[in-house]
Amino acid sequence: MEIKGGYAGKYAVIDLGKRTIELIPHQPEVLKKFIGPYGVNAYLLHQHLPAGIDPLSPENVIVFGMGPCVGTLTPAAGKSVVTAKYPLSGGMVGTGNVGGIFGSQVKWAGFDNLLIKGAADRPVFLKVEDDSIEICDATKYWGMDINAVTDKLNDDYGTDFSVFAIGPAGENQVYLSVGLVDKLSTWGKGGLAAVMGSKNIKAVIARGTKGLEVARPEKLREHCLKIVEKARNNPNLEEMRELGTMAGFDSWANITGFPHKNHTEVFPVDKAYENYRPDVYLQYKAGRRACQSCPVSCKDVVYRNDKTLAYTSSLYGRVMNWCSRGEIEKFDEFITCQDYANRMGLDVHNFTSVADWFVYIYEHGIISAEDTGGYVPKAGYEGMMELMEMVVNKEGVGKILADGYLGAIKVFGEEAGQHAVHVKGMETLYDPRLTTLTTPDFSQLTHNRAEAPQGTSTSYNQLSHQVDSFINWCNKIGLDDAAQKRIFANPWEFNVGRITMYAQDYWVLSNSFGINCLRSRVDNFYNMKIYIDLFEALTGLRVTAAELLKTGERNFNLLKLLNVREGFDRSYDQPPRKWFEPIKKKYGKLGYIETYFGRPLEEEDVQEYLDDYYDERGWDIKRGIPTEKKLKELELSEYADLLKET
Amino acid sequence: MAKVLVYNPLKCTGCRTCELACSLKNHGKLKPILARVSIATLAHRPTVVPIGCWQCEDALCMQVCTSGAISRDEKTGAVKIDQQQCSGCKTCVVACPLGNIIVSSDEKEVAKCDLCGGDPECAKFCSQGATEYKEVSGSYIEKRKEIMNELSCWYTEEA
């Protein structure tokens, strides 16, 4: 088999301990079988990552990967995937996605994947450039915040290098840490930066001038132009240009609401409008940035009150967290908090969620000053800034919170744990008492990342769709009639357990191509036929819709097997207790967990949906893991040994 | 009236689609360094500015060319390089005040924007309207002032 384009065609194994770098050609069969990084990264980890290791030990392995569409003009295909064993989720092997131009540069330099193992004995950074990788000394960069080190590396090596760097939080091995690409895009929620810190890698910088070959340039051009035109004619484009992700403000502030006071009530609507409505945002807006080839420019550059600049990806999600969880009252203060978190390399979703819980359990007397070493936690700007600093530097109680929910529950006790809204240590971004139990919410229980990445949406989280729109979605991804019959067994609703499998597999597939930013804004421009056409234009290989969906499933299962090996079974896929308690909504109404179409749910119903989910996947329902039969069907039989009960 | 390529840095999001579109159309490859349009970034700043050939009235590249390879296309107004006549001396590369003539080591030639024969690919692929191919009329001075005003904030701030 020959692949005529789309891929760089090789990967690198970088051993920091031995200081060796090996460049290895990719086998075309492997690329065809997994298409992109979600599967290829997992395939490489099966070869290199030992079982049962500590995520912060030198034995952990980090794999960066780029799909065939990355760096190729394909709209919205700037996404790279990193896979490693993450500390925050108690050692799950998960993935993280990033946009920006980093992945394109690595591919233009000649690599589809970079695998990093071992640990360096002193601070280093990796320089990736045109078929070569260098392990460079990073002593002078160690300790710098992310903005400072990015600027310094750009000064020292050129602005055309894309910089992926970690900050002090990562260096100090805080589990709530992330790294940032070019100061704008966060990468590796769940503690990737801590893993990099443990390996003494401060940054990876990349520049490529080799470019990429394409099997059928004219066809690629034609397909891409169609998508660009679709984007240009989108009626929401003007609003998106003006407001960016803040265009979704109403949906959060008014329609669904966002959890506040540790998921016991929703953030007050009037307060949200007073402090954060779009015209307040416009007073601070400086500009908008997009990832490589993306028509949806969701990255923000904003002014602070003193006219200095701050950067953030997807502002709206950050606003939601800082104001409803951190109770930051002024837009300028929000920017200061966000900027500090970015510079330090602290994940805002993780941090605000843990901080909200910490304040709640303290104020409700579940923990006392004795547990916090005398520290009195408080919400609001000063409290949050102070707590962030303590977490980043692991000072006082910050040392406990730095390990996230799982670590802090060990110290604060099981009663505190009962109030923590998390799945496998990762906070739940979606609360089904507000958004209903639809695919992103349910996916939080079963996804390999221990969290619902954006995009396991079948229809974006708006509560106004009819059953038809979900059927349309199933048709769009080419789902067969038999599966649709199981999903829509009742004509007035869908079975969330069953449909979530396909939402996940489709997401994994897009992720493998490099187009995994599936906010509906991007996914609107895509369907299975476009993926097939793009793949053929890029590589010269023809695939079918069924094969592609199977590839998504294969990749999901292959990564799951790494977690089966670590003991993650059904007992870990459990909903947080808080989901079954009422939440105070606007006008004093109480919210309960219900289906998308408003049918109330009990705990047993969610367990039944889990049964359905595993059944749809063809997995062992009791254990919640793949079966030998399924692995055979997915051509993954060589991994069957991992299913044996130990 | 002849159309011209108009770049607006205020609308540019730095997605660099134009670079890839240009290199794919003109070289059949996805290779930004071969692109005749490029997105310039400033160190430490988020500023991005699309830079392409202005097709100068009094084009320096044309003046310095000793082989007579550079001429103006009467139909589109583009300043073009005739590869048959080009000796490859690269004097035009040095002469261009904007750095808009590129050296393609792949094809061993110098190349510049020829407005794709009157249908520029970069404008076609720009989803943000930051690169447009259109007839110009009226005063551009005011518009330029507006843009420079906006940009000056970014140049002067001390982060």
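Residues numbered from 1 in each chain as written. Chains lettered and ligands numbered in written order. Predicted model: local features only at pLDDT ≥ 70, side-chain atom pairs only at ≥ 80, totals over all residues. Heavy atoms only, no water.

Chemist: Got a minute to help me understand the overall build of chain A in this structure?
Modeler: From N to C terminus, chain A includes 28 helices and 21 strands. On C-alpha atoms alone, chain A measures out to a radius of gyration of 23 Å, which is about the 26 Å that the 2.2 N^0.38 rule sets for 646 residues. Along the first, second and third principal axes, the C-alpha set of chain A runs to 65 × 65 × 55 Å. Split into buried and exposed, the 646 residues of chain A put 67% on the buried side. Within chain A, residue pairs in contact and separated by at least 24 positions form 69% of the contacts whose partners lie at least 6 positions apart. (Helix = DSSP H or I, 4+ residues; strand = E, 2+ residues; numbered from the N terminus. Rg over C-alpha atoms; globule rule 2.2 N^0.38 Å. Buried < 20%, exposed > 50% of the residue type's maximum accessible area, 1.4 Å probe, protein only. Contact = heavy atoms within 4.5 Å.)

Chemist: What exactly am I supposed to notice about the sheet that holds strand β7 (residues 124–129) of chain A here?
Modeler: Backbone hydrogen bonds are what pair the strands of a sheet, in a parallel or an antiparallel way. Residues and elements named next belong to chain A. Read from one edge to the other, the open sheet built from six strands follows the order β8-β7-β12-β9-β10-β11, with strand pairing classed as mixed. Strand pairing shows two members of the sheet lacking a second neighbour, β8 (132–137) and β11 (185–187), which therefore form its edges. On average, adjacent strands in this sheet sit at an angle of 20 degrees to one another, irrespective of strand direction. Strand direction decides the pairing type here: β7 and β8, joined by six bridges, are antiparallel. Paired with V124 across the two strands is D137, which belongs to β8. (Pairing = 2+ DSSP bridges. Axes fitted to C-alpha atoms, helices over the stretch in contact; angles between N-to-C directions.)

Chemist: Can you help me understand the sheet that holds strand β17 (residues 309–313) of chain A in this one?
Modeler: Residues and elements named next belong to chain A. Sheet architecture is open: three strands sit in the order β15-β16-β17, paired in antiparallel fashion. In this open sheet, the two strands that pair with only one neighbour each are β15 (285–289) and β17. With direction set aside, neighbouring strand axes in the sheet form an average angle of 20 degrees. Direction of pairing for strand β16 (residues 299–303) relative to β17: antiparallel, over a ladder of five bridges. Residue pairing across strands places V301 opposite Y311, the latter belonging to β17. Across the sheet, helix α13 (residues 331–344) touches β16 and β17, and the angle it forms with β17 is around 75 degrees.

Chemist: Explain the nonpolar core here, please?
Modeler: All names here are of chain A. Judged by nonpolar contacts, the single largest core of 107 residues is most densely connected at L220, L437, Y502, F513, I515, Y526 and L548. With 10 residues, the top contributor of residues to this core is helix α23 (residues 496–513). L16, A310, F351 and Y375 belong to the second largest nonpolar core, which has 101 residues in total. (Core = buried A, V, L, I, M, F, W, Y, C linked by side-chain atoms within 4.5 Å.)

Chemist: Please explain the environment of K143 of chain B as it appears in this structure.
Modeler: Summarising the element assignment, K143 of chain B is placed in helix α5 (residues 141–156). Among the residues examined, K143 of chain B registers a relative accessible area of 42% and is labelled partly exposed.

Chemist: Could you clarify how one ought to interpret the interface of chain B and chain A in this entry?
Modeler: Accessible area lost upon the coming together of the parts is a frequently used measure of interface size. Of the residues lining the interface, 36 residues belong to chain B; the matching set on chain A comes to 41 residues. Interface area, chain B with chain A, both sides summed: about 3,200 Å², of which 57% is carbon and sulfur. Connecting chain B to chain A are one salt bridge. Seen at the junction of chain B and chain A, the total is 14 residue pairs in polar contact (both at pLDDT 80 or more). Put simply, the parts of the chain that give the side of chain B that touches chain A at least two residues each are α1 (17–27), α4 (121–125) and α5 of chain B. For the side of chain B that touches chain A, the leading source of residues is α1 of chain B, giving five residues. A breakdown of the residues in the side of chain B that touches chain A according to their chemical character gives 17 nonpolar, 10 polar and nine charged. (Buried area = accessible area lost by both parts, 1.4 Å probe. Salt bridge = Lys/Arg side-chain N within 4 Å of Asp/Glu carboxyl O. Polar contact = N/O pair within 3.5 Å; in protein donor to acceptor, adjacent residues only side chain to side chain. Nonpolar A, V, L, I, M, F, W, Y, C, P; charged D, E, K, R; others polar.)

Chemist: Whenever I open this one, the pattern of salt bridges confuses me. Can you help?
Modeler: Opposite charge on two side chains allows them to pair when their charged atoms are near. All names here are of chain A. Using the criterion set out here, one finds 53 salt bridges over all chains in the structure. One salt bridge in this structure joins D156 and K152, with 3.1 Å as the shortest N-O distance. Separated by four residues within a single helix, D156 and K152 lie in helix α4 (residues 146–157), roughly one turn from each other. When the shortest N-O distance is used, the salt bridge between E427 and K189 registers 2.9 Å. Residue E427 is located in strand β19 (residues 426–427), and its partner K189 is located in the loop between β11 and α6 (192–198); the two are separated by 238 residues in the primary sequence. Exposure class is identical for E427 and K189. Each is buried. Among the ionic contacts, a cluster of salt bridges with common partners joins K127, E129, E134, D160 and R207.

Chemist: Would you explain helix α2 (residues 37–48) of chain A in this entry?
Modeler: One turn of an α-helix holds 3.6 residues; hence residues three or four places apart share an orientation. Here α2 of chain A contains 12 residues, and its C-alpha end-to-end distance of 15 Å stays within 8% of the 16 Å for a straight helix at 1.5 Å per residue. Among the 12 residues of α2 of chain A, 11 are classified as buried, and the element is accordingly described as predominantly covered. (Expected span 1.5 Å × (residues − 1).)

Chemist: Even after reading the chapter, I still don't get unusual backbone geometry, so can you show me in this structure?
Modeler: Residues apart from glycine generally show negative phi values, whereas peptide bonds are mostly found in trans. All names here are of chain A. Even without being glycine, D131 reaches a positive phi, approximately 65 degrees. With respect to the element layout, D131 can be found in the loop between β7 and β8. Exposure remark for D131: the relative accessible area of 32% places this residue in the partly exposed category. Residue Q173 is not a glycine yet carries a positive backbone phi of 60 degrees. One can find Q173 in the loop between α5 (168–171) and β10 (179–181). The partly exposed category is assigned to Q173, whose relative accessible area is 25%.

Chemist: Help me understand the packing of helix α21 (residues 467–476) of chain A against α23 of chain A, please; the structure alone is not making it clear to me.
Modeler: How two helices pack is summed up by the angle between their axes together with the distance between the axes. All names here are of chain A. Relative orientation of the contacting elements α21 and α23 amounts to 45 degrees, with a least axis distance of 11 Å. Classed by the angle they form, the pair α21 and α23 counts as oblique. Crossing handedness for the pair α21 and α23: left-handed. Counting all contacts with α21, which are made through W473, C474 and K476, the residues of α23 involved are I499, Y502, A503 and Y506. Grouping the amino acids of the contact of α21 with α23 by side-chain chemistry returns six nonpolar, no polar and one charged. (Parallel < 35°, antiparallel > 145°, perpendicular 65-115°, else oblique. Left-handed = near helix turned anticlockwise from the far one by under 90°.)

Chemist: Explain the packing of aromatic side chains here, please?
Modeler: A ring pair, where both rings are aromatic, is described by two values, the distance of the centres and the angle of the planes. Residues and elements named next belong to chain A. Tallied over the full model, the rule gives 38 aromatic pairs over all chains. Their ring planes at 75 degrees and their centres at 6.4 Å tell us that Y157 and F161 sit as a pair that is edge-to-face. An aromatic cluster is built from W473, Y506, F513, Y526, Y531 and F535, whose rings are joined through pairwise contacts. (Phe/Tyr/Trp six-rings, centres within 6.5 Å; stacked < 30°, edge-to-face > 60°.)

Chemist: In this structure, what is going on with the pairing of β16 of chain A? I would like to understand it.
Modeler: All names here are of chain A. Most of β16 sits inside the fold, with five of its five residues counted as buried. Burial along β16 is two-sided: K299, V301 and Y303 and D300 and V302, pointing in opposite directions, are all buried. The sheet contact formed by β15 and β16 spans four bridges and is antiparallel. By the bridge assignment for β16, G287 is matched with V301. Hairpin geometry of β16 and β17 is characterised by an intervening segment of five residues between the two adjacent antiparallel strands and by a positive phi of about 70 degrees at K307.

Chemist: What am I meant to see in the pairing of β7 of chain A here?
Modeler: In regular strands, side chains alternate between the two faces of the sheet. In terms of burial, β7 of chain A is a largely internal element, five of the six residues being buried. Turn length for the β7 of chain A-β8 of chain A hairpin, with the two strands adjacent in sequence and antiparallel, is two residues, and the turn residue D130 of chain A shows positive phi of about 25 degrees.

Chemist: Help me understand helix α27 (residues 603–617) of chain A in this model?
Modeler: Residue and element names in this part refer to chain A. Taking 1.5 Å of rise per residue, 15 residues should cover 21 Å, and α27 covers 21 Å from first to last C-alpha, within 8% of that figure. Elements in contact with the buried residues of α27: α20 (439–446), α22 (481–487), α23, α26 (545–565) and α28 (628–633). Positive phi shows up at G618, right after α27, with a value of about 75 degrees.

Chemist: Hey, could you run me through a negative patch on the surface in this one?
Modeler: Residues E602, E603, E604 and E608 of chain A make up a contiguous surface patch of negative charge. Position of E603 of chain A among the secondary structure elements: in helix α27. (Patch = residues over 30% accessible without salt bridge, like charges linked within 9 Å, V, L, I, M, F, W, Y side chains within 5 Å. Areas by Shrake-Rupley, 256 points an atom, 1.4 Å probe, with all protein chains shown as cover. Lys, Arg positive; Asp, Glu negative; His and termini not counted. Charge placed at Lys NZ, Arg CZ, Asp CG, Glu CD.)

Chemist: What am I meant to see in the confidence of the model for chain B here?
Modeler: Regions with low pLDDT should not have their predicted coordinates read in detail. The predicted model of chain B has a mean per-residue pLDDT of 88, with 89% of residues at 70 or higher. For this predicted complex, the interface confidence reaches an ipTM of 0.91, while the overall pTM sits at 0.95. (pLDDT = per-residue confidence, 0-100.)

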